[in-house]
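# A closer look at the structure
This is what each chain is made of:
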Amino acid sequence: MDAWARWVLHDRFGGDENAMRAHMPYLESVRDRVIANAAIQEGDVVLDVGSGDGLIGFGALSPVGPSGRVIFSDVSQDLLDHCDRAIKALGAEDRCSTIRTPAETLEGISSASVDVVTTRSVLIYVDDKRAAFDSFHRVLRPDGRVSIFEPINRRMNQMNRNAFLGFDIAGVEELANKVSEVIKRTSPEAMVDFDETDLFQLALDTGFEDVRVTLELKSQELRGVMDWANVKNTSPNPLAPTLAEAIAQALTNDEAERFEAHLAKNSNKKTQWANQSASAFLQAFR
């Protein structure tokens, strides 16, 4: 699998199916809100940009009805193949299609050909966000809608500056900083170069109307219990190393042993992974 598919299907939960199931109610709540903000109508053509494992796209199948259609787009062919298998299992080939294309261009999608564009956690990986908004605007028909969800990492980093992946780091702050630097160096700048006001302005500058952005700051509940072996196999984003790899790069053997013992102890105490989150929902009309 490519890096995107490996992270979406495995590394974000360290291969722990229990943690994945525990996190699903939150992901489903995001999906439902993105779809509601899109005001999908029966017969609509929905383009899900950066479809990943298909969470939003498959959720849109019901509201578009038997006469509507969902297009799954992504830069990862492995994830599109994953969606194709799910589409076939559902017997929905006549209502679904997949296309490999980047958000910045949406090459292969005709202008004014879709009624709704949806995205979830996609723009955080896009360097040229204005180009992506231009593409969204181009492919939408008049009165088309765009519905977006994005984590606002710039705010989250400030909110969680005294924690490491949600873990208490009192006494090992210096070691946590070293590991964080490795993760930061390997993570795209695009993940932290914007906030909700930037999304709002980008939509306006592109020509969207009735733009609405809702910022949500949230204190997270426990997402799911993972033993330390699985926690070490998780990665914070598709382009970053796993926690175990970052620790090995950043710390000496003695430092790594002390740091892992501290986090493992917290893991066994069922410490939540992310203390506080910040995210934004955007909806707008063409």
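Note that the structure is a prediction, hence the values are computed from the model and not measured. (Residues numbered from 1 in each chain as written. Predicted model: local features only at pLDDT ≥ 70, side-chain atom pairs only at ≥ 80, totals over all residues. Heavy atoms only, no water.)

### Side note on the overall build of the chain
- Across its full length, the chain holds 11 helices and 9 strands.
- Its C-alpha atoms give the chain a radius of gyration of 20 Å, near enough to 19 Å, the size a compact globule of 286 residues would have.
- Dimensions along the principal axes, computed over C-alpha positions, put the chain at roughly 60 × 40 × 30 Å.
- When the 286 residues of the chain are sorted by exposure, 51% land in the buried category.
- Carbon and sulfur atoms provide 47% of the accessible area of the chain, an area that totals close to 13200 Å².
- Charge-centre separation for the chain: the mean point of 31 positive side chains lies 2 Å from the mean point of 44 negative side chains. (Helix = DSSP H or I, 4+ residues; strand = E, 2+ residues; numbered from the N terminus. Rg over C-alpha atoms; globule rule 2.2 N^0.38 Å. Buried < 20%, exposed > 50% of the residue type's maximum accessible area, 1.4 Å probe, protein only. Areas by Shrake-Rupley, 256 points an atom, 1.4 Å probe, with all protein chains shown as cover. Lys, Arg positive; Asp, Glu negative; His and termini not counted. Charge placed at Lys NZ, Arg CZ, Asp CG, Glu CD.)

### Side note on the pairing of strand 5 (residues 140–151)
- Most of strand 5 sits inside the fold, with 9 of its 12 residues counted as buried.
- Pairing of strand 4 (residues 114–120) with strand 5, which is carried by 6 bridges, proceeds in the parallel orientation. Opposite Thr 118, over in strand 5, you have Ser 147 as the bridge partner.
- Read from strand 4 through helix 5 (residues 129–139) to strand 5, the crossover connection turns out right-handed.
- In the sheet, strand 5 pairs with strand 9 (residues 276–285) via 7 bridges, with the strands oriented antiparallel. (Pairing = 2+ DSSP bridges. Right-handed = clockwise from strand over helix to strand, strands pointing away.)

### A short note on the sheet that holds strand 3 (residues 96–100)
- Spatial strand order, 3-2-1-4-5-9-8: 7 strands in an open sheet with mixed pairing. Of all strands in the sheet, those with a lone pairing partner are strand 3 and strand 8 (209–219), marking the two edges. Pairwise comparison of adjacent strand axes, ignoring direction, gives a mean angle of 15° for this sheet.
- With respect to the sheet, helix 2 (residues 17–38) is in contact with strand 4, strand 5, strand 8 and strand 9, its orientation differing from that of strand 5 by roughly 155°.
- Across the sheet, helix 4 (residues 77–90) lies against strand 2 (69–74) and strand 3, angled at about 170° from strand 3, the strand it touches most. (Axes fitted to C-alpha atoms, helices over the stretch in contact; angles between N-to-C directions. Contact = heavy atoms within 4.5 Å.)

### Things to note about the packing of helix 2 against helix 3 (residues 55–64)
- Where helix 2 meets helix 3, the axes come as close as 10 Å, and the angle between the chain directions of the two elements is 55°. When the axes of helix 2 and helix 3 are compared, the pair comes out oblique. The handedness of the crossing between helix 2 and helix 3 comes out as right-handed. Facing Met 24, Leu 27, Arg 31, Val 34 and Ile 35 of helix 2, the residues of helix 3 in contact are Leu 55, Ile 56, Gly 59, Ala 60 and Pro 63.
- Of the residues contributing to the contact of helix 2 with helix 3, the split by class is 8 nonpolar, 1 polar and 1 charged. (Parallel < 35°, antiparallel > 145°, perpendicular 65-115°, else oblique. Left-handed = near helix turned anticlockwise from the far one by under 90°. Nonpolar A, V, L, I, M, F, W, Y, C, P; charged D, E, K, R; others polar.)

### Observations concerning the packing of aromatic side chains
- This structure, assessed with the given rule, holds 5 aromatic pairs.
- On the basis of an interplanar angle of 70° and a centroid distance of 5.5 Å, the ring pair of Phe 164 and Phe 259 is categorised as edge-to-face. Pair noted here: Phe 164 is in strand 6 (residues 163–164) and Phe 259 is in helix 11 (residues 253–268), with a separation of 95 residues, a long-range link.
- We classify Phe 259 as buried; its relative accessible area is 0%.
- Geometry around Trp 7 places Arg 12 over its ring, the cationic atom sitting 5.9 Å from the centre. (Phe/Tyr/Trp six-rings, centres within 6.5 Å; stacked < 30°, edge-to-face > 60°. Lys NZ or Arg CZ within 6 Å of the ring centre and 35° of its normal.)

### Remarks on the pattern of salt bridges
- Inspection of the entire model under this criterion finds 15 salt bridges.
- In this structure, Arg 6 engages Asp 11 in a salt bridge whose closest nitrogen and oxygen atoms are separated by 3.8 Å.
- By relative accessible area, Arg 6 is classed as partly exposed at 36%.
- For Glu 17, the salt bridge identified is with Arg 21, shortest N-O distance 3.7 Å. (Salt bridge = Lys/Arg side-chain N within 4 Å of Asp/Glu carboxyl O.)

### Thoughts on the side chain of Asn 230
- Note that Asn 230 resides in helix 9 (residues 228–232).
- With a relative accessible area of 18%, Asn 230 lands in the buried category.

### A look at helix 2
- When the terminal C-alpha atoms of helix 2 are compared, their 30 Å separation across 22 residues agrees well with the 32 Å that a helix rising 1.5 Å per residue should span.
- For helix 2, the elements touching its buried residues are helix 3, strand 4, strand 5 and strand 9.
- Where helix 2 begins, the side chain of Asp 16 points an oxygen toward the backbone nitrogen of Asn 18, at a separation of 2.9 Å.
- Phi turns positive, to about 50°, at Ala 39, one or two residues after helix 2. (Expected span 1.5 Å × (residues − 1). Polar contact = N/O pair within 3.5 Å; in protein donor to acceptor, adjacent residues only side chain to side chain.)

### Notes on the state of the cysteines
- Applying the stated criterion to the full structure yields 0 disulfides.
- No disulfide involves Cys 83; its sulfur sits 9.2 Å from the nearest other cysteine sulfur, which is in Cys 96.
- Overall, the relative accessible area of 0% leaves Cys 83 in the buried class. (Disulfide = S-S within 2.5 Å.)

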